[in-house]
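# Results of the structural survey
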Amino acid sequence: MKRLAVAAVLAVLSAAMAFGAVQDFGKFTLDVPEGWTASSEGSMALISKPDNTGNFSVTIDDSEGASIKDLAEAFRQEFTKSFEKVGPVEDAGDGDVEWAMQLNGVESHAMLSVDGSQFMLIVATGDVDPEQIGGILATLKLK
């Protein structure tokens, strides 16, 4: 029931946003709102607000049999190379995990989920409303 309610909210939010063209990021596509910019590097898509006050990335790739705990620790270790602070991994519900990071006073939040043989890592930085991210992610289609 909870997932159905979330899906309904996401559908309403995505309908309220003015979307541009569907953009292809290799393993998936997303509808990016008009005025926002998007780029990709490997299996990661970076979506930025028009005023550049915030962005988020979506990475979808093969988990290569690693557990969510092992993947989270590997990502956290990698993030310690570029962030001043990397917080502990916390349970985000439904088997997902999350953690916070900081660089030059700007907060970032990471969320990791694993589904079968693939993982999805979302990292939001700066002034990005979680509802905006949810509306955009509601348009995600795996290829």
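Summarised in this report is the structure supplied together with it. Computed from a prediction, not measured in an experiment: that's the story for all the values here. (Residues numbered from 1 in each chain as written. Predicted model: local features only at pLDDT ≥ 70, side-chain atom pairs only at ≥ 80, totals over all residues. Heavy atoms only, no water.)

### A closer look at the overall build of the protein
The condition that has to hold: Counting from the N terminus, the helices are the DSSP runs of H or I reaching at least four residues and the strands are the DSSP runs of E reaching at least two. Think of it in three bands: with a 1.4 Å probe and only protein chains considered, a residue is buried below 20% of the maximum accessible area for its type, exposed above 50%, and partly exposed in between. Residue contacts follow a heavy-atom distance rule, with two residues in contact if any of their heavy atoms lie within 4.5 Å. Accessibility throughout is a Shrake-Rupley quantity obtained with a 1.4 Å probe, and a residue counts as covered only by protein chains that appear here.
Check the secondary structure of the protein and you find three helices and eleven strands. Of the regular secondary structure in the protein, the N- to C-terminal order runs α-β-β-β-β-β-α-β-β-β-β-β-α-β. Counting only residues that meet the buried cut, the protein has 36% of its 143 residues in that class. For the protein, the share of sequence-separated contacts (at least 6 apart) that also reach a separation of at least 24 residues comes to 44%. When the accessible area of the protein is evaluated, it comes to approximately 8,200 Å², of which 55% is carbon and sulfur surface.

### What to know about the pattern of salt bridges
Pairing is possible between side chains of opposite charge, provided their charged atoms come close. Note the following rule: Within this document, salt bridges are pairs made up of a side-chain nitrogen of Lys or Arg and a carboxyl oxygen of Asp or Glu, the two lying within 4 Å of each other.
Going through the model one piece at a time under the given rule, you end up with five salt bridges. D127 is paired through a salt bridge with K49; the nearest N and O atoms lie 3.4 Å apart. Taken together, the positions of D127 in the loop between β10 (118-126) and α3 (130-137) and K49 in the loop between β4 (44-48) and β5 (54-62) put the pair 78 residues apart, joining distant regions of the chain.

### A closer look at α3
Rules: Definition of a polar contact: a pair of N or O atoms within 3.5 Å, with one able to donate and the other able to accept a hydrogen when the atoms are protein atoms, and with sequence-neighbouring residues admitted only if both atoms are side-chain atoms.
Every buried residue belonging to α3 is among I133, G134, G135 and I136, and all of these are buried. Measuring from the backbone nitrogen of E131 back to the side-chain oxygen at the start of α3 gives 2.8 Å, which picks out D129 as the cap.

### Comments concerning the pairing of β5
Threshold: Only strands joined by at least two bridges in the DSSP assignment are considered to pair.
As paired strands, β4 and β5 are joined by five bridges and run antiparallel to one another. Bridge pairing in β5 links M44 to T59. Counted between consecutive antiparallel strands, the loop separating β4 from β5 contains five residues, among which N52 sits at a positive phi close to 60°. By the bridge criterion, nine bridges tie β5 to β10 in an arrangement that is antiparallel. Among the inter-strand pairings, V58 is bridged to a residue of β10, identified as I122.

### So, unusual backbone geometry
Positive phi is not limited to glycine here, since N52 has a value of about 60°. Checked against the element boundaries, N52 lands in the loop between β4 and β5. Judged by relative accessible area, which is 61%, N52 ranks as exposed. The phi dihedral of D94 falls on the positive side, at around 55°, and the residue is not glycine. With respect to the secondary-structure elements, D94 resides in the loop between β7 (90-93) and β8 (96-103). A residue is classified by how much of its surface remains accessible, and D94, at 52% relative accessible area, is exposed.

### Points about the packing of aromatic side chains
The geometry of an aromatic ring pair comes down to the distance between the two centres and the angle between the two planes. To keep it simple, the criterion reads: Stacked, edge-to-face and tilted labels apply to pairs of Phe, Tyr and Trp rings (six-membered ring for Trp) whose centres lie within 6.5 Å, assigned for plane angles under 30 degrees, over 60, and everything in between, in that order.
The final tally for this structure, using the stated rule, is five aromatic pairs. Arranged with centres 6.5 Å apart and planes meeting at 25°, the rings of F75 and F79 form a pair that is stacked. Here the residue F75 and the residue F79 both occupy positions in helix α2 (residues 68-79), the gap between them amounting to four residues, near one helical turn. Taking the relative accessible area as the measure of exposure, F79 reaches 16% and is therefore buried. Taking 5.4 Å as the distance between ring centres and 65° as the angle between the ring planes, the aromatic pair formed by F75 and F119 counts as edge-to-face.

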